[in-house]
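Spelled out, the chains give:
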Amino acid sequence: LFSYNSPLGACPRCEGFGNLIDFDMKRIVPDESKCLRDGAVACWNTPAYAHELQELLALAPDYQLPVDVPYRDLTDAQRRIILEGV
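Residues numbered from 1 in each chain as written. Predicted model: local features only at pLDDT ≥ 70, side-chain atom pairs only at ≥ 80, totals over all residues. Heavy atoms only, no water.

A.B. asks: Got a minute to help me understand the overall build of the chain in this structure?
C.D. replies: When its secondary structure is counted, the chain shows three helices and zero strands. The N-to-C order of helical and strand elements in the chain reads α-α-α. In terms of overall size, the chain is more extended than a compact globule, its C-alpha atoms giving a radius of gyration of 18 Å where 86 residues would be expected to give roughly 12 Å. Counting only C-alpha atoms, the chain reaches 60 × 25 × 20 Å along its principal axes. In the chain, which comprises 86 residues, the proportion classed as buried is 21%. (Helix = DSSP H or I, 4+ residues; strand = E, 2+ residues; numbered from the N terminus. Rg over C-alpha atoms; globule rule 2.2 N^0.38 Å. Buried < 20%, exposed > 50% of the residue type's maximum accessible area, 1.4 Å probe, protein only.)

Below is the structure:
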């Protein structure tokens, strides 16, 4: 009765796919002493994603998101905006 198309018997965490999608914040923000403007978010330091940082810097005042303080000093709500968007 088991079929790969059926959720019966599947792992509840990975839903039977064998992979979990999760964030490793140590890799996303390797140096929490850096501020957003100075490249705290690692992937935004690459040419392919530099436009994401520019968009964040442009919109930061609208969401009271400080870009010149160390990442470690941001509130949980501010970090959520960075990770999840608005």
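Having seen the model, we can carry on.
A.B. asks: Mind showing me how you'd approach unusual backbone geometry here?
C.D. replies: Peptide bonds are trans in most cases, and residues, glycine excluded, mostly fall at negative phi. With a phi angle near 50°, glutamine 64 is a residue other than glycine that sits in the positive phi range. Along the chain, glutamine 64 falls in the loop between helix 2 (50-59) and helix 3 (76-84). Looking at glutamine 64, the relative accessible area reads 60%, which means it is exposed.

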